[in-house]
Amino acid sequence: MRFKSLADLKRQKPKEVTLATLPQEVSMTHYAKEKAFKISELVREIHEESYEWYGFTIADKENPELITDIGLPQNDQNLLEYAAIGPARIAEYHDSLSEDTIINGWIHSHGALQYMHFSHTDEENQATVLDFVTARLRKTVAKKEIPIQDLQLLVKDEFEEKELEEGSVSLITDAVVSEAILMETIYGGFSYSIVIGDEGWHEQEIHYQERSVISGHSHVSKKSADLVLIDNGRSLTQADIIVLSKEVAEKIQPNTNPPTELIERM
Ligand SMILES: [Zn+2]
């Protein structure tokens, strides 16, 4: 049995229902921002020069849109490697985090450079971080109709195999139906990207990834975003700074080669 309605042929825009939104601004606690600039300050103090460094932005699993901390991984001495953050490097840091926290982006410093933008190298890193983060932080953002031309509706146990030669998609139901709309889930994810400079400037971007479950459609986009500071009661204490000093001494390696990003800009 096969039904074909005229509505199928006339149907215009695919139906789409938005179910959730992704962040449009970068939310960060005062503590996290203070910590980021403190790392730059400590790099200058401890290593006596304004080396560039990178870290990950950290959030609580139950509130993944708010950056509550900055995670400092081992920064490579070889800045060629620094320039390329590989998935393995992110995964390694992710595994060191406590169960209730997650990585929701990355942050890096351009040190004393007056380059207040994201470089081409940064773009590549952002793609890597986005892939990693969205694999863990995706949510259903929409249901979208898959427009099917020539949908074949069949009733279970009431058709012959030969009938399957017709139609582009066959939907087999246990009762007679005359119309069907197929809507697929669209998963969406985001990751934050922040670049800061010694003089106190900062720039932010949010990168988005959407992926459709059935059609396999995938879309990546980005936007410049404002930084919204949130007070969660925590501030950087003297004890925090002592711990951070140790981390900066161990994890940031002075480098005598010019960073690749620097070469890129020259
Ligand atoms: Zn950069």
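Everything discussed here concerns the structure shown above.
To keep things clear, this report deals only with the structure shown in the data block. (Residues numbered from 1 in each chain as written. Predicted model: local features only at pLDDT ≥ 70, side-chain atom pairs only at ≥ 80, totals over all residues.)

**Quick notes on the overall build of the chain**
Now for step 1: Along its length, the chain carries seven helices and 13 strands.
Now for step 2: Counting every position in the chain, which comprises 266 residues, the buried fraction comes to 29%.
Now for step 3: In the chain, 74% of the contacts between residues at least 6 apart in sequence involve partners at least 24 apart. (Helix = DSSP H or I, 4+ residues; strand = E, 2+ residues; numbered from the N terminus. Buried ≥ 20, exposed ≤ 12 C-beta atoms within 10 Å, placed from the backbone. Contact = placed C-beta atoms within 7 Å.)

**Some words on the sheet that holds strand β2 (residues 26-29)**
Now for step 1: The three strands lie next to each other as β4-β2-β13, forming an open sheet whose pairing is parallel. Every interior strand has two partners, whereas the edge strands, β4 (66-67) and β13 (227-230), have only one.
Now for step 2: Bridge analysis of β2 against β4 gives two bridges, and the strand direction is parallel. Following the sheet pairing, methionine 28 is matched in β4 by isoleucine 67.
Now for step 3: Contacts from helix α2 (residues 30-47) reach β2, β4 and β13 within the one sheet, and its direction differs from that of β2 by about 85°. (Pairing = 2+ DSSP bridges. Axes fitted to C-alpha atoms, helices over the stretch in contact; angles between N-to-C directions.)

**Regarding helix α5 (residues 120-137)**
Now for step 1: For α5, with 18 residues, the first-to-last C-alpha span of 25 Å sits near the 26 Å given by 1.5 Å per residue.
Now for step 2: Residues of α5 that are buried in the fold lie against α4 (87-96), β6 (101-109), β10 (183-196) and β11 (202-212). (Expected span 1.5 Å × (residues − 1).)

**Overview of the packing of α2 against helix α6 (residues 238-251)**
Now for step 1: Look at α2 against α6: their axes get within 9 Å of each other, and the N-to-C directions meet at 55°. With respect to α6, the axis of α2 lies oblique. Our pair here, α2 against α6, has a crossing hand that is right-handed. On α6, the residues that touch Lys35, Lys38, Ile39, Leu42, Val43 and Ile46 of α2 are Ile241, Leu244, Ser245, Val248 and Ala249.
Now for step 2: Its residues assigned to classes, the contact of α2 with α6 comprises eight nonpolar, one polar and two charged. (Parallel < 35°, antiparallel > 145°, perpendicular 65-115°, else oblique. Left-handed = near helix turned anticlockwise from the far one by under 90°. Nonpolar A, V, L, I, M, F, W, Y, C, P; charged D, E, K, R; others polar.)

**Description of α2**
Now for step 1: With 18 residues, α2 should cover 26 Å at 1.5 Å per step; its first-to-last C-alpha distance of 25 Å lies within 8% of that length.
Now for step 2: Directly after α2, the chain includes glutamate 48, whose backbone phi takes a positive value near 60°.

**Brief notes about the nonpolar core**
Now for step 1: Formed by 37 residues in total, the largest nonpolar core has its most connected members in Ile39, Ile67, Ile70, Ile107 and Val129.
Now for step 2: At the level of secondary structure, the elements contributing two or more residues to this core comprise β2, α2, β3 (54-60), β4, β6, α5 and β10.
Now for step 3: Beyond its immediate chain neighbours, meaning those up to four positions away, valine 129 contacts Ile85, Ile90, Gly105, Trp106 and Ser191. (Core = buried A, V, L, I, M, F, W, Y, C linked by C-beta atoms within 7 Å.)

**Structural notes on the pairing of β10**
Now for step 1: Counting buried positions along β10 yields ten of 14 residues, so the element is predominantly enclosed.
Now for step 2: Bridge count between β6 and β10: five bridges; the pairing is parallel. Within β10, the residue paired with serine 109 across the bridge is isoleucine 196.
Now for step 3: Relative to β10, strand β7 (residues 139-145) runs antiparallel, the two sharing six bridges.

**A short note on unusual backbone geometry**
Now for step 1: Phi at aspartate 150 takes a positive value of approximately 65°, unusual for a residue other than glycine.
Now for step 2: By the element assignment, aspartate 150 lies in the loop between β7 and β8 (151-155).
Now for step 3: Take aspartate 150: there are 11 C-beta atoms within 10 Å of it, and that puts it in the exposed class.
Now for step 4: The backbone of aspartate 157 sits at a positive phi, close to 65°, despite the residue not being glycine.
Now for step 5: Along the polypeptide, aspartate 157 turns up in the loop between β8 and β9 (169-173).

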